[in-house]
Every structure is written in structure tokens, then in C-alpha cells.
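Here's the letter readout for the chains.
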Amino acid sequence: MNLAIVTDSTADLHEDELERLRIRRVPLYVRFRDTTYRDWIDIAPQAIIAGVADGADLPTTSQPSPEDFASAYREAVAAGADTILVVTISSELSGTYQSAVAAAEQVEANVTVFDSRSASLGHGAMARTAARMRDAGASLDAIQAGLEHMRDSTFIVFTVATFDYLQKGGRIGRGSALVGSLLNIKPLLTLEDGLLAPLTRARGMRKALQEMVDRLRAYVADRPGERVTVDYIHVQDPSAVERLKQAVEAAGVEADFNGFYEIGAVLTSHVGPGTFGLIARSEPN
């Protein structure tokens, strides 16, 4: 078996990881100021944040077309692949999974599309693990079993600095956004069954930070003897995730640090600047 790994741009993996692990990336699209851009290729988060701050309307986003995926599949086959594993953002959040499935009929290869039910490093870590398992000689069945374990064990918690993006995007009501801003309420959000869901609310950033640490501590405590790995994510605020990492370490939470990752333009369009949090999982041995 010659296995190619494909994911989409909302996995938010670093360029050097994609190259080193031989993971192909298919970009989603951002429509901003009457121009369509490819996520992580033609546009970065800071362009959206600066533009919206200057008065531009919020961007809209869209999934890759089946042909976008088919093109990536054909490139993989031309490079010698006979089997392709695709790891996508949650099908509850985007039509990306459906495009990846539709494209499978257009190539002469065995294509398996895995719905991560996650986002950002939630499925970026799955693609990364799939590539590492492939390079270690694991079978496709073993890799899929590993990904299913990660999907079942992944925990995401994050907060936002502003309600504007969530409100304008229809994720929360205008009244809730106004009250939250006036009272300095910080929502703690997660992904549940592949969908954005509230965890709790905190009064001020300091309490939000502590709540994230407490949630991670409880997650680790529920998995005695397992190796828990954490990625820290942010939108244009590296100092926030550095503070979060320091708080986790100061609390004595036993979790392996994997890295800091910036959220791309597509997800930034929905959550806004100053968003930060962590993604934890127990990885397969």
C-alpha cells in the first residue's frame, strides 16, 4: 500500500509539518471585499482583522469543490499513491466532507474520507498522527482505528475576545452579545457532536483562563495512565496562549505540550481576533 494523506486548510498545520509529513492540503475559500481567496494561500488572518477593523463587512466562507479534492487526489496518484486517506473538518460545520466524498469517484484509487467531527488542530492532529502511523508501517485499518480513538477523546475549549464575529455570523443573538460585552463575560466554547457548543461563562479573562485550566485538569484526571497531548490555538494573540500554557504548567497538569498554532482565515472569519484556547487528546500508542 502506498498511502497518501490529504486534509483541508482548516486543520491549521504548519507549512513545515505538511511538507515533512507529506500531507496534501486542500484550501477552503474566503470571500472578502468582493474577492475570493484561498485559505492559508492567498489570505492570512491579519488581513481579515485589519479589514473588518477598517469597516469592511465580515467575510463569508465556503468549502472546496469536489474538483479541488479530485485534483489533489490525482496529484497523489501521479506521485505513486494507490490509497488515499482524507481527514476533514466536521461535516456539521462545513460541506468539505461531502466534497471530499464526491471527489472519490473521479480517481482510480482507494479513497477513504474520515469525518473528524472536529476543527483546527482537532483534525490537524488526526492528519498528523495518520501520517506518522503510515510512516511507521501501520495498516489503513490500524490508522483508522487510531483516528477513531482520537475523535472520541479530543477535547476543545476556547474563548473569544469579542462577540462581534459570533454575533454577525449568527452564532449568538445581538442582545446576548451586547450584554456579554457590557459585563465582560467570556464564553467558554467547545465542539460537541461536531457542532459549536457552550461550556460555561466566566467574568473576565483571568477567570476564563482558570476555567480552561480546570477543564483540562478534569480531562486528564478522567484518563489515568493515558498520554495526553495539548496543542494551543489562537487568532493573532500568541501571548494569550503562552499565558495559558504557563497556567497549565503552574497548575501541575500532566499533559505533553505539542505546539502553538495560529487559526487560519476561514475559522478567524467566524470567531474573530483574540480567540485562544487548547485542544487536548489521548493519542494511540
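Residues numbered from 1 in each chain as written. Predicted model: local features only at pLDDT ≥ 70, side-chain atom pairs only at ≥ 80, totals over all residues. Heavy atoms only, no water.

(A) Examining the environment of Met 133 more closely. Residue placement: Met 133 occurs in helix 5 (residues 121-135). Along the chain, Met 133 and Gly 146 lie 13 residues apart, while their C-alpha atoms are 8.8 Å from each other. (Helix = DSSP H or I, 4+ residues; strand = E, 2+ residues; numbered from the N terminus.)

(B) Summary view of the packing of aromatic side chains. Counted according to the given criterion, the structure contains 5 aromatic pairs. Measuring from ring centre to ring centre gives 5.9 Å for Tyr 232 and Phe 257, while their planes differ by 40°; the resulting arrangement is tilted. Placement of the pair is Tyr 232 in strand 11 (residues 228-234) and Phe 257 in strand 12 (residues 256-262), with a sequence separation of 25 residues. Of the residues examined, Tyr 232 reaches a relative accessible area of 3% and is grouped as buried. (Phe/Tyr/Trp six-rings, centres within 6.5 Å; stacked < 30°, edge-to-face > 60°. Buried < 20%, exposed > 50% of the residue type's maximum accessible area, 1.4 Å probe, protein only.)

(C) How the structure looks around the sheet that holds strand 2 (residues 23-26). Spatially, 4 strands are ordered 2-1-6-7 in an open sheet, and the strand pairing comes out parallel. The open sheet has two edge strands with one neighbour each: strand 2 and strand 7 (110-115). Neighbour to neighbour, the strand axes of the sheet diverge by 25° on average, direction disregarded. The sheet contacts of helix 6 (residues 140-153) involve strand 1 (3-8), strand 6 (83-88) and strand 7, and relative to strand 7 the element is tilted by about 10°. (Pairing = 2+ DSSP bridges. Axes fitted to C-alpha atoms, helices over the stretch in contact; angles between N-to-C directions. Contact = heavy atoms within 4.5 Å.)

(D) Here's a closer look at unusual backbone geometry. For Asp 12, which is not a glycine, the phi torsion comes out positive at approximately 60°. As for its placement among the helices and strands, Asp 12 is situated in the loop between strand 1 and helix 1 (15-21). In the Ramachandran plot, Asp 34 falls in the positive-phi region, its phi being about 65° despite a non-glycine side chain. Tracing the backbone shows Asp 34 in the loop between strand 3 (29-32) and strand 4 (35-38).

(E) Structural view of the nonpolar core. Ile 5, Ile 23, Ile 48, Leu 85 and Leu 147 are the most contacted members of the largest nonpolar core, which has 47 residues in total. Here this core gets 7 residues from one element, more than from any other, and that element is helix 5. Those residues within four positions of Ile 48 in sequence are excluded, and the remaining contacts are Val 30, Phe 32, Ile 43, Pro 59, Tyr 165, Ala 265 and Ser 269. Counting residues in hydrophobic clusters, the runner-up holds 22 residues, among them Leu 188, Ala 202, Val 228 and Ala 240. (Core = buried A, V, L, I, M, F, W, Y, C linked by side-chain atoms within 4.5 Å.)

(F) How the structure looks around the sheet that holds strand 12. Ordered by their spatial adjacency, 6 strands build an open sheet running 10-9-8-13-11-12, and the pairing between neighbours is mixed. Of all the strands in the sheet, the pair left with one neighbour each is strand 10 (195-203) and strand 12. Each neighbouring strand pair of the sheet contributes to a mean axis angle of 20°, computed without reference to strand direction. Sheet strands touched by helix 6: strand 8 (155-159) and strand 13 (276-282). Its angle to strand 13, the strand with the most contacts, is close to 130°.

(G) Layout of the pairing of strand 11. With 7 of 7 residues buried, strand 11 is to be regarded as a mostly interior element. Every second residue of strand 11 is oriented toward a common face, with Val 228, Val 230, Tyr 232 and His 234 on one face and Thr 229, Asp 231 and Ile 233 on the other, all of them buried. Sheet topology note: the strand 11/strand 13 ladder contains 7 bridges and is antiparallel. The residue of strand 13 that forms the bridge with Ile 233 is Gly 277. As paired strands, strand 11 and strand 12 are joined by 6 bridges and run parallel to one another. Bridge pairing links Tyr 232 to Phe 260 in strand 12. One crossover worth recording links strand 11 to the parallel strand 12 by way of helix 10 (residues 238-250), and it is right-handed. (Right-handed = clockwise from strand over helix to strand, strands pointing away.)

(H) Quick peek at the pairing of strand 1. Within strand 1, 6 of the 6 residues are buried, which leaves it mostly tucked inside the rest of the structure. Residues of strand 1 alternate between two faces, with Leu 3, Ile 5 and Thr 7 on one and Ala 4, Val 6 and Asp 8 on the opposite face, all of them buried. Where strand 1 meets strand 6, 5 bridges bridge the pair, whose relative direction is parallel. From the neighbouring strand, Ile 5 faces strand 6, where its bridge partner is Leu 85. One ladder, built from 4 bridges, connects strand 1 with strand 2; its direction is parallel. From the neighbouring strand, Ile 5 faces strand 2, where its bridge partner is Ile 23. Handedness of the crossover joining strand 1 and strand 2 through helix 1: right-handed.

(I) Region of the structure containing the confidence of the model for the protein chain. The share of residues in the protein chain with pLDDT of 70 or more is 93%, and the mean pLDDT across the chain is 92. Between residues 170-183, whose pLDDT stays under 50, and residues either more than four places distant or in other chains, the model counts 15 contacts. (pLDDT = per-residue confidence, 0-100.)

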